[in-house]
Amino acid sequence: MEDNNKLEEMNTEPVVQLIIPRDNGQEKIFSVTRKKGMTLAGLLAVVFVCLAGAAGFYGWQYHHTPIDKAAYREYLDHKSEQEAKLQSLLEDNEKMLRDMSEIHTLETKLRRAVIQNSGDREFSSSLDSIGATPDVKSTDPSYSGKGGPGADISMLDVAAAQNKNLTAQIDRQKKNMHELLTVIEGRNNRLSTLPDLWPTDGGVISSYYGGRTGPINGGFDWHPGLDIAVDIGTPVYAAAMGTVDMAGWNGGYGQFVKIRHGNGYESAYGHMSGIAVSAGQQVRKGEIIGFVGSTGYSTGPHLHFEVFVDGENIDPLYMLKKAK
């Protein structure tokens, strides 16, 4: 009875028929209930949507994959370039470290050479104290390197640390060299104000400092300098650096130059045939200030040379021997 009722219900349920014609003129009929047809249509729609989505995804992949590959290749190239630059930077840092070490060694040798040749204890002590650090020997390295395995440290951090230490070392070395130069220049300036340079090329002393027989009238004569007999026209040099106090004719001295050197020192040059400087001019030690002659009270070509300390004449040979 129940089976009959189910059969009747199926017969009364709406049916969808699909008619497919054949080559022999007959037709093939497929009958499907509406409920099953709707279910089948839904499945087909889901399959269609999935296929469309897959087609869109793979289409997007196909379109963008070349771009992504190109970008990735560019990234790899850029990375390789940066790694090469970093390696070059590390190598440069290592070279700079070697150069700084060499400069430090040269500075030490220069200081020692100057100290050995100076003979001045105060000056030597000044040089030796430059760049000195308490409890640090002069032979200790100026660059204290540190390091370790450091698994999580990048080479970029290593390069940055090296650059920081190099900058500090360069600044320290510049300071030391500046102080060394200042001490040496100070000593050279003190030495440059000493009128101890032989004031001409060659020549012989024809009259010494002190009492003598007058070269023109005879009798006793006080000679306040040295007479250096030499050929006329021979250059005359400033015995020390300083400022020209007088340049011109000065009575029995003839053509005359007087130079103030500082620290109480002065020098004078007489009987010249010509003058190469003017009053107020700054001159260096060894600079040409005139030429040997025989002007003023003179019996022949020579240079009259005087030295003053705090306004008083002294024997020029004292300064010239001190230079030797």
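Up top is the structure.
Here we summarise the structure given alongside this text. Each chain has its residues counted from 1, following the order in which its sequence is written. Owing to the predicted nature of the model, reporting of local features is limited to residues with pLDDT of at least 70; listing and counting of side-chain atom pairs is limited to 80 or more, with chain, interface and lining totals taken over all residues. As a rule here, side-chain values cover all heavy atoms of the structure and leave hydrogens and water aside.

1. Considering the overall build of the protein
- Tallying secondary structure elements over the protein gives five helices and 14 strands in all.
- Buried, partly exposed and exposed residues are distinguished by accessible area as a fraction of the type maximum, computed with a 1.4 Å probe on protein chains only: under 20%, between the cut-offs, and over 50%, respectively. Among the 324 residues that make up the protein, the fraction classed as buried is 26%.
- Taking as baseline every contact in the protein between residues at least 6 positions apart, the subset at least 24 positions apart corresponds to 61%.
- The accessible surface values rely on the Shrake-Rupley method and a 1.4 Å probe; as for residues, cover is taken only from the protein chains in view. Working note: accessible area of the protein is about 22,000 Å², and carbon and sulfur atoms make up 56% of it. Labels follow the DSSP assignment, with helices taken as runs of H or I lasting at least four residues and strands as runs of E lasting at least two, numbered in each case from the N terminus. When checking whether two residues touch, look at their non-hydrogen atoms; a contact exists if any pair is within 4.5 Å.

2. Notes on the environment of Gly-264
- Residue placement: Gly-264 occurs in the loop between strand 9 (255-262) and strand 10 (265-275).
- Taking C-alpha positions, Gly-264 is 4.6 Å from Asp-310, a pair spaced 46 residues apart along the chain.
- Aside from chain neighbours lying at most four places away, what touches Gly-264 is Phe-308, Val-309, Asp-310 and Gly-311.

3. A look at the nonpolar core
- Ranked by internal contacts, the top residues of the largest apolar core, which has 22 residues, are Val-236, Val-257, Ile-259, Tyr-269, Val-283 and Ile-289.
- Of all the secondary-structure elements, those providing two or more residues to this core are strand 9, strand 10, strand 12 (288-292), strand 13 (302-309) and helix 5 (316-323).
- In contact with Val-236, not counting residues within four places along its chain, are Pro-199, Tyr-269, Met-272, Glu-287, Ile-288, Ile-289, Gly-290, Phe-291, Val-292 and Leu-303. Buried residues of nine kinds, namely Ala, Val, Leu, Ile, Met, Phe, Trp, Tyr and Cys, make up a nonpolar core once their side-chain atoms join them within 4.5 Å.

4. A few points about the pairing of strand 12
- The pairing criterion for strands is at least two bridges between them, as found by DSSP. In the sheet, strand 7 (residues 235-237) pairs with strand 12 via three bridges, with the strands oriented antiparallel. Residue pairing across strands places Tyr-237 opposite Ile-288, the latter belonging to strand 12.
- Pairing between strand 10 and strand 12: three bridges, direction antiparallel. Note on strand 12: the bridge partner recorded for Met-272 is Val-292.

5. Re the environment of Gly-248
- Here Gly-248 lies in strand 8 (residues 242-249).
- Judged by relative accessible area, which is 16%, Gly-248 ranks as buried.
- For the pair Gly-248 and Met-272, spaced 24 residues apart in sequence, the C-alpha separation works out to 9.8 Å.
- If we ignore the near neighbours within four places in the chain, the residues touching Gly-248 are Gly-254, Gln-255, Phe-256 and Ile-275.

6. So, the pattern of salt bridges
- Each salt bridge in this description consists of a side-chain nitrogen of Lys or Arg and a carboxyl oxygen of Asp or Glu lying within 4 Å of one another. As enumerated under the stated definition, the model contains five salt bridges in all.
- The partner of Asp-196 in a salt bridge is Lys-285, and the shortest N-O contact between them spans 2.6 Å. Pair noted here: Asp-196 is in the loop between helix 4 (155-192) and strand 3 (204-207) and Lys-285 is in the loop between strand 11 (282-283) and strand 12, with a separation of 89 residues, a long-range link.
- Residue class for Asp-196 comes out buried when judged on its relative accessible area of 15%.

7. A few points about the packing of aromatic side chains
- Stacked, tilted and edge-to-face pairs are distinguished by plane angle, under 30 degrees for stacked and over 60 for edge-to-face with tilted covering the rest, among Phe, Tyr and Trp rings (Trp via its six-membered ring) whose centres lie within 6.5 Å. Counted by the stated rule, this structure contains three aromatic pairs.
- Summarising the aromatic geometry, the rings of Tyr-209 and Trp-222 are spaced 5.5 Å apart at their centres and angled 75° between planes, so their arrangement reads as edge-to-face. You can see Tyr-209 sitting in the loop between strand 3 and strand 4 (210-213) and its partner Trp-222 sitting in strand 5 (residues 220-223), a full 13 residues away along the chain.
- Looking at Tyr-209, the relative accessible area reads 24%, which means it is partly exposed.
- Ring geometry for Tyr-253 against Phe-256: centres 4.9 Å apart, planes inclined by 45°, an arrangement best described as tilted.
- Any Lys NZ or Arg CZ that is within 6 Å of a ring centre and within 35 degrees of that ring's normal is treated as a charge sitting over the ring. Directly above the aromatic system of Phe-308 lies the positively charged group of Lys-258, at a separation of 4.5 Å from the ring centroid.

8. Let's talk about a nonpolar patch on the surface
- Like-charged residues within 9 Å of one another, or nonpolar side chains (Val, Leu, Ile, Met, Phe, Trp, Tyr) within 5 Å, are grouped into patches, provided each residue has over 30% relative accessible area and no salt bridge. There is a patch of nonpolar side chains on the surface, built from Leu-40, Leu-43 and Leu-44 and spanning about 310 Å² of accessible area.
- Within the element layout of this structure, Leu-40 appears in helix 2 (residues 34-118).

9. Let's talk about unusual backbone geometry
- The phi dihedral of His-271 falls on the positive side, at around 65°, and the residue is not glycine.
- Its place among the elements puts His-271 in strand 10.
- On the basis of relative accessible area, His-271 is assigned to the buried category, the value being 7%.
- Although it is not a glycine, Asp-310 sits at a positive phi angle of roughly 55°.
- For Asp-310, a relative accessible area of 62% corresponds to the exposed category.

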